[in-house]
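# Architecture and fold: a report
Here are the chains, one letter per residue:
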Amino acid sequence: MTIAILPARLANQIAAGEVVERPASVVKELVENSIDAGATSIKIDIEKGGAKRIRIIDNGKGIAKAELALALSRHATSKIKDLDDLEAISSLGFRGEALASISSVARLTLTSKPEAQASAWQANAEGRDMAVSIKPAAHPNGTTIDVSDLFFNTPARRKFLRTEKTEFAHIEEVIKRIALANFAITFVLTHNHKVVKQFRVANSSIQRSKRVAQVCGQKFIDHAIEINCEHDGLHLQGWIAQPSYYRNQNDLTYSYVNNRMMRDKLINHAIRQAYADLLPSDSYPAFVLFLQLDFCEVDVNVHPSKHEVRFHQGRYVHDFIYSVCNRALTNELALKVDNSTGEILTPDNEVQSPQQAEIQAASFITPLRASTDSDRQSNALARDQAASQKAEYSADNKDPRVSSNFSQANARHYSTKINPQASKAYSDLMTPLALNSQVTEPELPPITTDVAPTAAMPILVNTASSSQDEMTDATKILFWQAPHYLVIQQRQALRLLSVNKLEHLLRLQVIQQRWHEKLVSQPLLLPIKIKVSEKVAKFVQINEKQFQHMGMEIRQLQTSTLQIRQFPALLRNKDIANSFDKLIKQLDVENQESVYAEIDWQMALASLMLSEECTQAQALQVWRNAESDFNCQFEQQLRLNSVAIDLTSSVNELDKILPK
């Protein structure tokens, strides 16, 4: 067989094998052409998954009448002119193959009108002979490309197309990826004359976040860390998800280089390395990242679909992406929180406002410690210093800024203060109701070494200061009896008090005070998988909203496997799997079919907060908390949660033994 130059039609069909893989490939090439043309509104109409019709309508610059036929020729493009342009490609398309390849395997109609042209013109081309006919048409400024009967002249290619649903899913994914990189453009995607996706122009930061949420889901934004770092010609910005929001499949990984969507191995490796041991081995991170660099520093002409690029300084780019992502993740997992106000402070925020300094100087997190003269002096000195700092701050800094070499990119863009509800919830959470709070205990009688830890411990604590005449009516703690009992004297009667019941009431009161809002939840670094019965799994699925209100995010992986991803912050010191098992037992899920009232959930959660082992010091702390919280109802609560100690039988026994 002799060597011969291939006919133009055959050459274009061979090229179409690389460019036109499926309908989604056609959509990608045509939409990118619209973006290169400066369009601000692009409409994509699809019929039958793209096999029957693909129509792209834009309001770009348009194509002049004299260039319509040339536009459908192979290697004809307006985007590069010489070799220098090829070394610094700034447009999405540059090879001039797309329209020629598409028209060789489909019926293509190109209608366009530049703003300077009086009327629109239309070019038609059909596969076999590639003959182009031009005629006048009615059309506004911009371009419409109509591709119908894809692969009509190559039956072998057509039979490899998947179902209509599958092909459209690929098209939808392409539009999502393009929409993420072009916030200034409106996209409307229709399928069989029904609007499926609509992305409006997103100019503000909030609007951009909404578009990302529209593509990736609101949960991604809720768990995302926003980064924005520029250094030595490289600029990386976007969102990376917290490690707790890992994915079981690689479906939320969007990376872009100079607004060109990528599936580049170097970028993916750098991001994966940034997460390192923060993710399980069989999971994937979620991210939307945009890398901007000089066009001369990257070669995009290395892959037929342009999904991969070659960086001139690959190692440097890799290390830059890794360091930015790793630092953001590290800072996110080590957030500094002002315990007194619930403020979340950025890790590089070294400068504090005088108001914050004053609040921290007079922290209220130690209310149970008796103040001394030295404490009062130190607090007064701290307030004076804060006041002086405030005066200097007002005089010298009318418009202060906190600068960072990392361009505000170290972690999520937190405001100085989070929203009031979250701040209040965190402040309430940190108030010293926990039993392990460090407080100054009253001096107790010494405990001899020959007494076992579970034996009764003698205590004498008056609950209120009273005169000697009233001492007989005062309530006193006499003994501590393990595991969780106190022997008290109330109105000249001895009673046995259950510390657990008293603590349960306190916990229940705290929960009820916060119940009107969703309880604060804590994302788990490594989600917990637990095996449950089908009945429990169904119960969790039915009551998903109630679990979320409690601060629990639970996903069902299999019929009898659950994954706990978030857990109530109130239970942050508890074993998660054990606490969940106790909650199910408290609600008696296995034996009951009824719908649970709010009080049932509240009481079950309060039970989980109880200390498993109660010490003497913890019992005294519960006593103090109850006295403070119940106020005038304290005596009544003591009576309701205790029983009288009947000494009649003991007295009678003594009377029998002792001589009269």
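Here's a quick rundown of the structure. Computed from a predicted model, the values in this text were never measured in an experiment.

### Quick word on the pattern of salt bridges
What the rule picks out here adds up to 16 salt bridges. With a closest N to O distance of 2.7 Å, Arg107 and Asp149 form a salt bridge. Taken together, the residues span a long stretch of sequence, with Arg107 in strand 3 (residues 107–113) and Asp149 in the loop between strand 6 (142–148) and helix 6 (155–158) at a distance of 42 residues. Judged by relative accessible area, which is 29%, Arg107 ranks as partly exposed. One salt bridge in this structure joins Arg565 and Glu553, with 3.9 Å as the shortest N-O distance. With Arg565 in strand 24 (residues 561–568) and Glu553 in strand 23 (residues 553–558), the pair connects residues that are twelve residues apart, well separated along the chain. Arg565 sits in the buried class, given a relative accessible area of 3%.

### Topic: the nonpolar core
Soluble, globular proteins show a tendency: their nonpolar side chains are buried together. Ranked by internal contacts, the top residues of the largest apolar core, which has 65 residues, are Val31, Ile44, Phe187 and Phe220. Among the elements that take part in this core, helix 7 (residues 164–181) stands out by supplying eight residues, more than any other. Discounting chain neighbours no more than four positions away, the residues touching Ile44 are Val27, Val31, Arg55, Ile56, Ile175, Phe187, Val188, Leu189 and Thr190.

### Quick word on a nonpolar patch on the surface
Judged by side-chain polarity, Leu333, Leu525 and Leu526 come together as a nonpolar surface patch covering roughly 270 Å² of accessible area. Among the secondary structure elements, Leu333 is positioned in the loop between helix 11 (314–332) and strand 16 (336–338).

### Some words on the packing of helix 18 (residues 576–587) against helix 19 (residues 598–608)
Between helix 18 and helix 19, the least distance of the axes is 9 Å, while the angle of their chain directions is 140°. Relative to helix 19, helix 18 is oriented oblique. Relative to helix 19, the crossing made by helix 18 is right-handed. On the side of helix 18, the interface is formed by Ser579, Lys582, Leu583, Gln586 and Leu587, while helix 19 contributes Asp600, Trp601, Ala604, Ser607 and Leu608.

### Quick word on the sheet that holds strand 5 (residues 132–137)
The eight strands are arranged 5-4-3-6-2-1-7-8 in an open sheet whose pairing can be described as mixed. In the strand order of this sheet, the two ends are held by strand 5 and strand 8 (194–199), each with one partner. The mean inter-strand angle of the sheet, taken between neighbouring strand axes irrespective of direction, is 15°. Direction of pairing for strand 3 relative to strand 4 (residues 120–125): antiparallel, over a ladder of five bridges. Among the inter-strand pairings, Thr109 is bridged to a residue of strand 4, identified as Asn124. Across the sheet, helix 2 (residues 23–36) touches strand 1 (41–47), strand 2 (53–58), strand 6 and strand 7 (186–191), and the angle it forms with strand 2 is around 10°. With respect to the sheet, helix 8 (residues 205–216) is in contact with strand 7 and strand 8, its orientation differing from that of strand 8 by roughly 140°.

Rules of the game
- Every chain begins its residue count from 1, and numbering advances along the sequence as written.
- In keeping with the model being predicted, local features are shown solely for residues with a pLDDT of at least 70 and side-chain atom pairs are shown and tallied solely at 80 or more, while totals for entire chains, interfaces and linings include all residues.
- With hydrogens and water set aside, each side-chain value is computed from the structure's full complement of heavy atoms.
- Just to be clear on terms, a salt bridge is a Lys or Arg side-chain nitrogen sitting within 4 Å of an Asp or Glu carboxyl oxygen.
- Strands are runs of DSSP state E lasting at least 2 residues, helices are runs of H or I lasting at least 4, and numbering of each runs from the N terminus.
- Any residue under 20% of the maximum accessible area for its type is buried, any over 50% is exposed, and the rest in between are partly exposed; the area is computed with a 1.4 Å probe on protein chains only.
- Throughout this description, the term nonpolar core refers to a set of buried Ala, Val, Leu, Ile, Met, Phe, Trp, Tyr and Cys residues connected via side-chain atoms within 4.5 Å.
- The contact criterion used is simple: two residues touch if any of their non-hydrogen atoms lie within 4.5 Å.
- Like-charged residues within 9 Å of one another, or nonpolar side chains (Val, Leu, Ile, Met, Phe, Trp, Tyr) within 5 Å, are grouped into patches, provided each residue has over 30% relative accessible area and no salt bridge.
- Note on areas: Shrake-Rupley, 1.4 Å probe, and residue coverage restricted to the protein chains presented here.
- Here, axes are lines fitted to C-alpha atoms. For helices the fit covers the stretch in contact, and angles between N-to-C directions go from 0 to 180 degrees.
- Oblique is the label for every angle not falling under 35 degrees (roughly parallel), over 145 degrees (roughly antiparallel), or within 65 to 115 degrees (roughly perpendicular).
- Handedness of each helix crossing follows the sense of rotation of the near helix against the far helix: counterclockwise by less than a right angle gives left-handed, clockwise gives right-handed.
- Strand pairing requires that DSSP identify at least two bridges connecting the strands.

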